[in-house]
Amino acid sequence: MLNTANESFSSYIVGQCKEAVILGTLCTAGMIILSFPYSTIIGPVMGLTALIPMIGAYIGAALGFLLIVAVNPLKALLFIVFIVVLQQLEGNLIYPKVVGNSIGLPGIWVFAAVIVGGGFMGIAGIIFGVPVAATAYKIMSKSVNERIKKAK
């Protein structure tokens, strides 16, 4: 059981890092396509701050907004719209798939673990909900598979 938990938590950390790289890359590419200033600075900052649960993306977006508003206030507003769309795409499609694949948990369960964990324990639940759910999922799957083998 401890090996399963260790594997789940380690895989979760790797998945989070992959997700941060994906978000930073998508942010940079989108900003270059939309001709936003400081795209090569803001994109990686968005990826790095995405490692902070819940508020990381907002911190990165705020820093990006402050940099862009000094150059072009209209583009700064468009940047916020771009970030909202990117966050929705990332949070609802990419994150459950990437993190779920890295820890062996279906995407819908990753999404559910974040929501339930956050509801029960706030930020700590969001951080630990996914690896705890993955550990429980793996233990239950192993138990069910062993029972099926014994029944044959």
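1. A look at the overall build of the protein chain
From N to C terminus, the protein chain includes six helices and zero strands. Along its sequence from the N terminus, the protein chain presents helices and strands in the succession α-α-α-α-α-α. Here the C-alpha coordinates of the protein chain stretch approximately 70 × 30 × 20 Å along the principal axes. The buried share of the protein chain, taken over its 152 residues, is 36%. Expressed as a percentage of contacts within the protein chain between residues at least 6 apart in sequence, the contacts between residues at least 24 apart total 60%. Total accessible area computed for the protein chain in this model is approximately 9,000 Å², and 74% of it derives from carbon and sulfur atoms.

2. A short note on the nonpolar core
Side chains of a nonpolar character, in soluble globular proteins, are inclined to be buried together. Cys 27, Met 31, Ile 68, Phe 79, Phe 82 and Ile 83 are the most contacted members of the largest nonpolar core, which totals 13 residues. Secondary-structure elements contributing two or more residues to this core are helix H1 (2-33), helix H2 (39-49), helix H3 (56-69) and helix H4 (73-103). Ranked by the residues each element gives to this core, the list is headed by H4, at five residues. Leave out the neighbours within four places in its chain, and Met 31 touches Phe 36, Pro 37, Tyr 38, Ser 39, Ile 42, Gly 43, Ile 68, Phe 79 and Phe 82. Judged by nonpolar contacts, the second largest core, of nine residues, contains Tyr 12, Val 110, Val 130 and Ala 134.

3. Some details on the pattern of salt bridges
Following the criterion strictly, the structure yields one salt bridge and no others. The salt bridge involving Lys 138 is made with Glu 7; its shortest N-O contact spans 3.2 Å. Placement of the pair is Lys 138 in helix H6 (residues 123-151) and Glu 7 in helix H1, with a sequence separation of 131 residues. Residue Glu 7 is classed as partly exposed on the basis of its relative accessible area, which comes to 47%.

4. Brief notes about the packing of aromatic side chains
Using the criterion set out here, one finds three aromatic pairs in the structure. Here the aromatic rings of Phe 36 and Phe 82 are separated by 6.1 Å at their centres, their planes lie at 45°, and the arrangement is tilted. Highlighted residues: Phe 36 in the loop between H1 and H2 and Phe 82 in helix H4, separated in sequence by 46 residues. Taken individually, Phe 36 and Phe 82 each receive the classification buried, so the pair is uniform in this respect.

5. Quick notes on unusual backbone geometry
One non-glycine residue, Ser 35, adopts positive backbone phi at about 60°. A positive phi angle, near 60°, is found at Tyr 38, a position not held by glycine. Turning to its location among the elements, Tyr 38 is positioned in the loop between H1 and H2. Owing to a relative accessible area of 38%, Tyr 38 belongs among the partly exposed residues under this scheme.

6. Points about the side chain of Glu 19
Secondary-structure assignment places Glu 19 in helix H1. Although buried, Glu 19 forms no salt bridge, and the nearest oppositely charged side chain, Lys 18, lies 10.0 Å from it. Residues in contact with Glu 19, not counting those within four places in the same chain, are Glu 90, Ile 94, Tyr 95 and Val 98.

Reading guide: rules and limits
- Residues numbered from 1 in each chain as written.
- Predicted model: local features only at pLDDT ≥ 70, side-chain atom pairs only at ≥ 80, totals over all residues.
- Heavy atoms only, no water.
- Helix = DSSP H or I, 4+ residues; strand = E, 2+ residues; numbered from the N terminus.
- Buried < 20%, exposed > 50% of the residue type's maximum accessible area, 1.4 Å probe, protein only.
- Contact = heavy atoms within 4.5 Å.
- Areas by Shrake-Rupley, 256 points an atom, 1.4 Å probe, with all protein chains shown as cover.
- Core = buried A, V, L, I, M, F, W, Y, C linked by side-chain atoms within 4.5 Å.
- Salt bridge = Lys/Arg side-chain N within 4 Å of Asp/Glu carboxyl O.
- Phe/Tyr/Trp six-rings, centres within 6.5 Å; stacked < 30°, edge-to-face > 60°.
- Lys, Arg positive; Asp, Glu negative; His and termini not counted.

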